[in-house]
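# Inside the fold
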Amino acid sequence: MSPTRALVFAAGRGERMRPLTDRTPKPLLTVRGKPLIAWHLEKLAGLGVRDVVVNTSWLADRFAPTLGDGAHWGLRLHYSHEGDEPLETGGGMLHALPLLGDNAFIAVNGDIWCDHDFTSLPDQPTGLAHLVLVDNPGHNAKGDFALSGTQVHSDGGPRLTFSGIGVYRPALLAHWRTVVGETVGAGQTPPRFKLAPLLRAAMRADAVSGEHYRGAWTDVGTPERLAALDAPK
């Protein structure tokens with residue numbers, strides 16, 4: 001059975017997108033007639049997901065008036081507010097776990113656009129996580145991880161870029177404190193830390209699978225990329 005819950009990362013400030021993000025959170029910026037995050041919500045609903053957690057921090061009060069409770073998509077939206085300072089991807093996922101339950105869930109970055117329809121995602125990762133990787137864009141020419149068959153590795157090659165789309169088991173976070181150690185922010189309440197160190201630790205245990213998606217994908221990280229994505233085709 002496909003995951004019935006998902007997390008959309010939407011807490012970041014989007015510094016490189018300013019001044020557009022001074023008044024509008026990056027996932028709510030419009031692309032081809034609707035907010036970036038709406039593209040994800042449509043796909044998640046079509047896959048059978050019913051509960052979506054949206055983590056928020058910067059301009060958190062803008063989400064509910066725009067997205068409502070999710071009924072427009074046949075979803076139930078839950079907002080995981082992180083306070084004035086975003087908790088990074090790892091801390092944000094940990095903070096959202098009580099709303100995500102005990103089973104595998106999909107997580108997607110709210111500031112990407114991709115025509116991946118999510119139907120190729122596994123119902124359950126064979127290990128702790130399954131990542132969608134894409135060809136390296138110019139702004140990340142060295143890539144992030146290596147893909148050998150269906151296994152993702154921290155080192156080696158050829159390297160690909162993590163798309164920001166994945167399926168995760170909550171157990172990935174079970175030993176987060178041991179993995180991140182004394183990282184700045186890890187000792188605060190709630191803790192703030194990145195997800196990448198946990199993924200790399202899981203990769204060393206051959207517990208991360210992956211796929212190479214060759215379709216359209218954009219990390220909407222600058223006003224120029226947003227304009228290019230929104231331009232008439």
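Below is a summary of the structure that appears in this document. Note that the coordinates shown come from a computational prediction; the quantities given were computed from them, not determined experimentally. (Residues numbered from 1 in each chain as written. Predicted model: local features only at pLDDT ≥ 70, side-chain atom pairs only at ≥ 80, totals over all residues. Heavy atoms only, no water.)

When helices and strands are counted, the chain shows six helices and 13 strands. The principal-axis extents of the C-alpha atoms in the chain amount to approximately 40 × 40 × 35 Å. Surface accessibility of the chain: about 10,700 Å² in total, with carbon and sulfur atoms responsible for 52%. (Helix = DSSP H or I, 4+ residues; strand = E, 2+ residues; numbered from the N terminus. Areas by Shrake-Rupley, 256 points an atom, 1.4 Å probe, with all protein chains shown as cover.)

Between its first and last C-alpha, helix 1 (residues 36-47) extends 18 Å over 12 residues, near the 16 Å set by a 1.5 Å rise per residue. Within helix 1, 10 of the 12 residues are buried, leaving the element largely enclosed by the surrounding structure. Residues L36, I37, A38, W39, H40, L41, K43, L44, A45 and L47 constitute the buried set of helix 1. In the segment just after helix 1, G48 is the residue with positive phi, at about 105 degrees. (Expected span 1.5 Å × (residues − 1). Buried < 20%, exposed > 50% of the residue type's maximum accessible area, 1.4 Å probe, protein only.)

On the secondary structure map, R177 appears in helix 4 (residues 176-180). Its relative accessible area of 51% is what places R177 among the exposed residues. Expressed as a C-alpha distance, the spacing of R177 and D117, which sit 60 residues apart in the sequence, is 34 Å.

With respect to the element layout, K142 can be found in the loop between strand 8 (129-134) and strand 9 (145-148). Linking K142 and P158, residues 16 residues apart in sequence, is a C-alpha distance of 9.5 Å. Dropping the residues within four chain positions of it, K142 is found in contact with N136 and R159. (Contact = heavy atoms within 4.5 Å.)

Opposite charge on two side chains lets them pair, provided their charged atoms get close. One pass over the full model with this rule turns up 10 salt bridges. For E42, the salt bridge identified is with K34, shortest N-O distance 2.9 Å. Through salt bridges with shared partners, one network takes in R13, E15, R18 and D22. (Salt bridge = Lys/Arg side-chain N within 4 Å of Asp/Glu carboxyl O.)

Most of strand 6 (residues 105-109) sits out of view: four of its five residues are buried. Sheet topology note: the strand 1 (residues 5-9)/strand 6 ladder contains four bridges and is parallel. Of the residues in strand 6, the one forming a bridge with L7 is A107. Looking at chain direction, strand 6 and strand 11 (residues 159-168) are connected through four bridges and run antiparallel. When the bridges of strand 11 are listed, F105 appears paired with Y168. (Pairing = 2+ DSSP bridges.)

Looking now at helix 3 (residues 88-100). In this model, helix 3 (13 residues) spans 17 Å end to end at C-alpha, consistent with the 18 Å of a helix rising 1.5 Å per residue. Of the positions making up helix 3, those classed as buried are G90, G91, G92, M93, A96, L97 and L100. Residues of helix 3 that are buried sit in contact with strand 1, strand 4 (51-56), strand 5 (76-81), strand 6 and strand 11. One or two positions beyond helix 3, positive phi appears at G101, with a value near 85 degrees.

With that settled, consider the pairing of strand 12 (residues 208-213). Counting buried positions over the six residues of strand 12 gives five, a clear majority of the element. Note: strand 8 against strand 12, six bridges, orientation parallel. Considered in strand 12, the bridge of V134 is made with Y213.

This part takes up the packing of aromatic side chains. This model, assessed by the stated rule, comprises three aromatic pairs. With 5.6 Å between their ring centres and 75 degrees between their planes, W39 and W113 make a pair best called edge-to-face. Taken together, the residues W39 in helix 1 and W113 in strand 7 (residues 112-114) connect sequence positions 74 residues apart. In terms of burial, W39 and W113 fall into one category: buried. With 4.6 Å between their ring centres and 0 degrees between their planes, W176 and F193 make a pair best called stacked. Separated by 17 residues along the polypeptide, W176 in helix 4 and F193 in the loop between helix 4 and helix 5 (196-204) bring together distant segments of the chain. For the pair formed by W176 and F193, the shared burial category is buried. (Phe/Tyr/Trp six-rings, centres within 6.5 Å; stacked < 30°, edge-to-face > 60°.)

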